[in-house]
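Each chain is listed here by its residues.
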Amino acid sequence: MIRILLTITISLSFLQVGWGQTNVIELEATQIPLNVLLLQLRDQYDFQLSYTDNELSKYEVTVSKTFESKEEALQYLIRDLPFQLKKSGDVFIIIPDKKKDDKNVINISGQIIESGTFEPLSFSNIIINKKQILSDVTGSFNFVASTGDSFHMQISHLGYYIFDTILYAGINQKFKLVPSIQKLPEVTIQNNVIERAAQIGKEPGNMKINHNISRYLPGQGDNSVFNLLRLMPGVQASNEQSTDLLIWNSYEGQSLITFDEFTLFGLKNYNNNISIVNPFIVKNIEIYKGGYQARYGNRVGALVNITGKNGSLQKPTFSFNVNATTINGMAEIPVFKKSALLVAYRQTYYNLYNPENFNIYDPTKPAKNHDFELEKLTDNDPGIKVFPDNYQFRDFNIKYSTSFKNNDQFYFSMYLGGDDFKLTAERNLTPPFHIGDDPISDTPFTVSFSDQEKNSQMGMSAFFNKNWKNGNSSKIIFSHSDYIKKVKDSFQSLDIRTDTVYNENEVEITNKAVENSIRIENIIYLTDGHQLEFGGGFYSNNALVENINYSVDTVSVNSRNDYNNNRGFLFLQDNLPVTNRMTLKSGIRVNLMDRAKRIFIEPRLSATYSMSENLAMNFSWGRYNQFMYKIANVDKDRNYTYLWVTGNHNSPVLNATHWVWGINYFKNDFTFNVESYYKTTRNLSRHVFERRLENNIPTNGYYTYTGDAKAYGIDTYIRKDFGTHSIWASYTLSKAVERMAPEGMRLPSYMPALQDQRHELKIAALFNIRRFYLSADYVYGSGMEILKRAYRYNIDGLNYNRFDVAVTYKLKWKMMDSETGISVLNLFNTQNLSYNNVKSRYISDKYDPVNFYSNAVPFTPTLFFKVVF
């Protein structure tokens, strides 16, 4: 409703009728908010008032009357409104009166922000009279109570002191949480609890990560976000991926990573020292390992939702970080009163991966190629070690955000990123060829290998959140994301004595992925924590796979496949506190594909039961579909290249069922959490190169394999916080199996999946001693199945071991906040293999392949200096 405030006439006259008479108050107003009228009364008649401004602004009044006293005037103004008047001394207090409220309910609503910067704190946990709710991405919430005069409220957010208070009802209030790491010097806060490294066990399969502590862990420079993620239970660390996380044994491409609501398809990030997300701009990290709610979809694996900062509203702030990898800068500039512009840029500035120029990352120089000197490979040798000739990375973020009345918020966020790397290798060697289990020596060979890859990622989103007068909220999101990957790979093996070419292959692959979406989500707040969420939207996905193969023994020299998938969706979710101890969440998500004209129904159910104040159990079950995913392209040498495609009449839609159980204990800053899961995934497919006999004619080509998979496991997480220190550990026992067969053929028995790893142990510690922050972490993995297949003659040395340490010192400056320190990854220089950095090549059809590999993160010391002013 458009209020015609320009036509409002306010006339307040002060009249005195003779000497010694009392004051007469004359009011005349037309459709003016009550809070504005009271301000005029305060200024002209010297009223002393106490009230909630936002509450009174909801009501417009029209009056033309003369009053003999202040109390009479105020009683008249609120006579038909849900308020009552009380007086304390000379102060008139206007408070809510539930007896006059037509709905007989009481509202508590507001926004949770960071003290000092006013940065909204997304997904904060709120407990009001033992009823738990969650703020939205803008930090806003609404709680509707059926009874009560006062309410006990606790607000917690990772990295902030817990807000604990008794309050009366009120709407559009601001709740300021104080960071546990203050920028102001010499700040001491006593008798307050701090939310620490991670919050776990509130919902099935859900974790919230404290990004504030990530900069004090090893890897601070550019990968602190994913270095913290990898230390969480269920997130596989031994593959050292920072762009495509493997969580709860999901396949590559089955876990969704979003930043500010748009999808991140990933960059190469060779060596994974640089994450796709700039740690400067991260505000909130939330992980759903499985069993998540109906408002989330589009993946059969896990979800990682990363929310970016809005920028400082108080003053211009500039941040810079320099280390041996990149230079990183960010500017936060207030624009007008309630708006901010955030800009961040990061890039490599040194050719780090050329050991001839900068070999601190690995003291081993590559072997030189000599015409008559042979390199002898043994069964204990993992193969030929290669080094990238060059690597370049850069990314750029810009975000504009603003807030309106009633905490309504809008932002526009954009990301641009890209990387480019190249590696080559050439060797004269005599490998230990095998016939069966017996090694034999044969002809010496020259092998040459070249691998180039270029990636680019762009994403943008526009977000608007509306808080309605009744406390309910709606948000609308537009998002766009596109990704391009170009790979050029060549290999040649040559008989040194006869110059005979045994194997020669050159492949160029281009993969494009595009996603556009519009989504609307609504929340209706019912009584006592009961919430109803519903919404819908539209997704458009497109993918391109272009394969140019110059090898003579493949069927298709040049192939191109376009994939398209358009679909609408609706979801409905009911969050019902059954009792003070139990919360039940049930929902359904419905997807409709336009071309296939198929409906995909995804029911979801979860429950949380508090057995005591410190002990809680949870459970969830759900079905999930994925319409855009990565398909494995398996070449003739059994190398896996993962490419984005969409489900359509040629590629099936992935389907999965999740079962999750968990128990969580928390008391006196001690957390013990156990979660178990069981997942089944159907409609898996991959393209495999094979040599077949068709009608007694040898045929070479790519054939489609289909099948299904199962994964199950248990995560154990223990954390103890004491003083300003934290120690945590996690252990994962899991198993992933699959069965695949050519289309139309019977599926075989289950065998270990490529990402299968039985054991993974992680230990981390963070100590704060005055201005020093000391941290260390250790990760052990028992070895992935894909590496065991590549090194079937040497599987004993495939365990993963990595120990990292870091020291950070906070410098004391008057006008700025600064830190310096050293971070050392893989302190003991343990040789670890990353499955995406290993390629096998057959010298000829007669012999076993030779593996080309580059180490996972080697011994990597990094000095850094960070300044914020």
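1. Describing the overall build of the protein chain
Then comes step 1: Regarding its fold elements, the protein chain presents five helices and 50 strands.
Then comes step 2: When the 869 residues of the protein chain are sorted by exposure, 56% land in the buried category.
Then comes step 3: A fraction of 66% describes how many contacts in the protein chain between residues 6 or more apart in sequence connect residues 24 or more apart.
Then comes step 4: With the model as given, the accessible surface of the protein chain reaches about 37,200 Å², and the carbon-plus-sulfur share is 55%.

2. Let's talk about the sheet that holds strand E6 (residues 91–96)
Then comes step 1: Taken together, the three strands give an open sheet; going across it, the order is E3-E6-E5, and neighbouring strands pair in mixed fashion. The open sheet is flanked by strand E3 (49–50) and strand E5 (83–88), the only strands paired with a single partner.
Then comes step 2: Where E3 and E6 come together, two bridges link them in parallel fashion. Each bridged residue has a counterpart across the sheet, and for Leu-49 the counterpart in E6 is Phe-92.

3. A few points about the pairing of E6
Then comes step 1: With six bridges connecting them, E5 and E6 associate as antiparallel partners. Each residue of the ladder has a partner; that of Ser-88, found in E6, is Val-91.

4. Quick look at empty space enclosed by the protein
Then comes step 1: The final tally for this structure, using the stated rule, is 18 cavities of 30 Å³ or more.
Then comes step 2: Considering only enclosed or pocket space, the largest cavity measures out at about 400 Å³ in volume.
Then comes step 3: Surrounding the largest cavity, 26 residues form its lining, Thr-258, Glu-261, Tyr-296, Asn-305 and Arg-519 being those nearest its centre.
Then comes step 4: Elements supplying a minimum of two residues to the lining of the largest cavity: strand E16 (256–259), strand E19 (303–308), strand E30 (473–495) and strand E31 (501–525).
Then comes step 5: For the lining of the largest cavity, a count of residues per class yields 10 nonpolar, eight polar and eight charged.

5. Re the packing of aromatic side chains
Aromatic rings in a pair are described by how distant their centres are and how their planes are angled relative to each other.
Then comes step 1: Counting across every chain of the model gives 24 aromatic pairs.
Then comes step 2: For the ring pair Tyr-411 and Phe-463, a centre distance of 4.9 Å and an interplane angle of 10° mean the geometry is stacked. Of the two residues, Tyr-411 sits in strand E26 (residues 409–430) while Phe-463 sits in strand E29 (residues 445–467), which places them 52 residues apart along the sequence.
Then comes step 3: Judged by relative accessible area, Tyr-411 falls into the buried class, the value being 5%.
Then comes step 4: Joined through ring pairs, the aromatic side chains of Tyr-288, Tyr-292, Tyr-296 and Tyr-624 make up one cluster.
Then comes step 5: We note Lys-65 situated over the ring of Tyr-76; from NZ or CZ to the ring centre the distance is 5.7 Å.
Then comes step 6: The lysine or arginine in question, Lys-710, covers the ring of Tyr-750, its NZ or CZ lying 4.5 Å from the ring centre.

6. Details of helix H3 (residues 70–77)
Then comes step 1: Those residues of H3 lying buried are Ala-73, Leu-74 and Leu-77. Buried residues in H3, looked at end-on, bunch into an arc of 95°, giving them a common side.
Then comes step 2: At its buried positions, H3 is contacted by strand E2 (24–33), helix H1 (34–45), E3, strand E4 (60–67), E5 and E6.
Then comes step 3: If you check the start of H3, you find a side-chain oxygen 3.2 Å away from the backbone N of Glu-72, and it comes from Ser-69.

7. Brief notes about H1
Then comes step 1: Under the 1.5 Å per step criterion, the end-to-end length of H1 is 16 Å for 12 residues, consistent within 8% with the ideal 16 Å.
Then comes step 2: Where H1 is concerned, the buried positions are Leu-34, Asn-35, Leu-37, Leu-38, Leu-41 and Tyr-45. In an axial view of H1, the angular spread of the buried residues amounts to 155°, which keeps them on one side of the axis.
Then comes step 3: Note on H1: the residue one or two positions beyond its end, Asp-46, has a positive phi of about 60°.

8. Brief notes about the pattern of salt bridges
Then comes step 1: Here the structure, examined in full by the defined rule, presents 23 salt bridges.
Then comes step 2: Residues Lys-585 and Glu-203 are paired through a salt bridge, measuring 3.3 Å at the closest nitrogen-oxygen approach. Here the residue Lys-585 occupies a position in strand E34 (residues 582–593), and Glu-203 occupies one in the loop between strand E14 (198–200) and strand E15 (206–209), the gap between them amounting to 382 residues. Per residue, the accessibility class of Lys-585 equals that of Glu-203, and both read buried.

9. Considerations on the side chain of Asn-298
Then comes step 1: Here Asn-298 lies in the loop between strand E18 (282–288) and E19.
Then comes step 2: Judged by its relative accessible area of 8%, Asn-298 is buried.
Then comes step 3: Reaching out from Asn-298, the side chain makes a polar contact with the side chain of Tyr-539 at a distance of 3.1 Å.

10. Some thoughts on the environment of Thr-706
Then comes step 1: With respect to the helices, strands and loops of the structure, Thr-706 is situated in strand E41 (residues 697–722).
Then comes step 2: Separated by 20 residues in sequence, Thr-706 and Arg-686 have C-alpha atoms that sit 6.7 Å apart.
Then comes step 3: With near-sequence residues (within four places) excluded, Thr-706 lies in contact with Leu-684, Ser-685, Arg-739, Met-740, Ala-741, Glu-743 and Leu-747.

11. Describing the side chain of Ser-734
Then comes step 1: Locating Ser-734 in the fold gives a position in strand E42 (residues 725–742).
Then comes step 2: A distance of 3.3 Å separates the side chain of Ser-734 from the side chain of Asn-249, its partner in a polar contact.

12. Section: unusual backbone geometry
Then comes step 1: Positive phi, close to 60°, is recorded for Asn-249, a residue that is not glycine.
Then comes step 2: Structurally, Asn-249 can be placed in the loop between helix H4 (224–229) and E16.
Then comes step 3: Its identity as a non-glycine residue notwithstanding, Asp-669 has a phi of 65°, on the positive side.
Then comes step 4: Mapping Asp-669 onto the fold places it in the loop between strand E39 (654–667) and strand E40 (670–694).
Then comes step 5: Residue classification places Asp-669 among the partly exposed positions, given a relative accessible area of 27%.

13. Focus: the packing of H1 against H3
Then comes step 1: Interhelical geometry of H1 versus H3 gives an angle of 175° and a closest axis separation of 12 Å. Between H1 and H3, the crossing angle belongs to the class labelled roughly antiparallel. Here H1 contributes Leu-34, Leu-37, Leu-38, Leu-41 and Tyr-45 to the contact with H3, which in turn contributes Lys-70, Leu-74 and Leu-77.
Then comes step 2: Here the contact of H1 with H3 is built from residues that sort into seven nonpolar, no polar and one charged.

14. Some words on a nonpolar patch on the surface
Then comes step 1: The grouping of Phe-534, Leu-572, Ile-588, Leu-592, Ile-599 and Ile-601 at the surface amounts to a nonpolar patch, some 530 Å² of accessible area in total.
Then comes step 2: Among the elements of the structure, E34 and strand E35 (598–610) are those that each provide at least two residues to the nonpolar patch.
Then comes step 3: Inspection of the secondary structure puts Ile-588 in strand E34.

Reading the values: rules and limits
- Residues numbered from 1 in each chain as written.
- Predicted model: local features only at pLDDT ≥ 70, side-chain atom pairs only at ≥ 80, totals over all residues.
- Heavy atoms only, no water.
- Helix = DSSP H or I, 4+ residues; strand = E, 2+ residues; numbered from the N terminus.
- Buried < 20%, exposed > 50% of the residue type's maximum accessible area, 1.4 Å probe, protein only.
- Contact = heavy atoms within 4.5 Å.
- Areas by Shrake-Rupley, 256 points an atom, 1.4 Å probe, with all protein chains shown as cover.
- Pairing = 2+ DSSP bridges.
- 1 Å grid on protein atoms, 1.4 Å probe; cavity = no way out; pocket = protein on both sides within 12 Å on 5 of 7 lines; lining within 4 Å.
- Points joined across faces, edges and corners; volume = space filled by probe spheres on them.
- Nonpolar A, V, L, I, M, F, W, Y, C, P; charged D, E, K, R; others polar.
- Phe/Tyr/Trp six-rings, centres within 6.5 Å; stacked < 30°, edge-to-face > 60°.
- Lys NZ or Arg CZ within 6 Å of the ring centre and 35° of its normal.
- Arc of directions from axis to C-beta.
- Polar contact = N/O pair within 3.5 Å; in protein donor to acceptor, adjacent residues only side chain to side chain.
- Expected span 1.5 Å × (residues − 1).
- Salt bridge = Lys/Arg side-chain N within 4 Å of Asp/Glu carboxyl O.
- Axes fitted to C-alpha atoms, helices over the stretch in contact; angles between N-to-C directions.
- Parallel < 35°, antiparallel > 145°, perpendicular 65-115°, else oblique.
- Patch = residues over 30% accessible without salt bridge, like charges linked within 9 Å, V, L, I, M, F, W, Y side chains within 5 Å.

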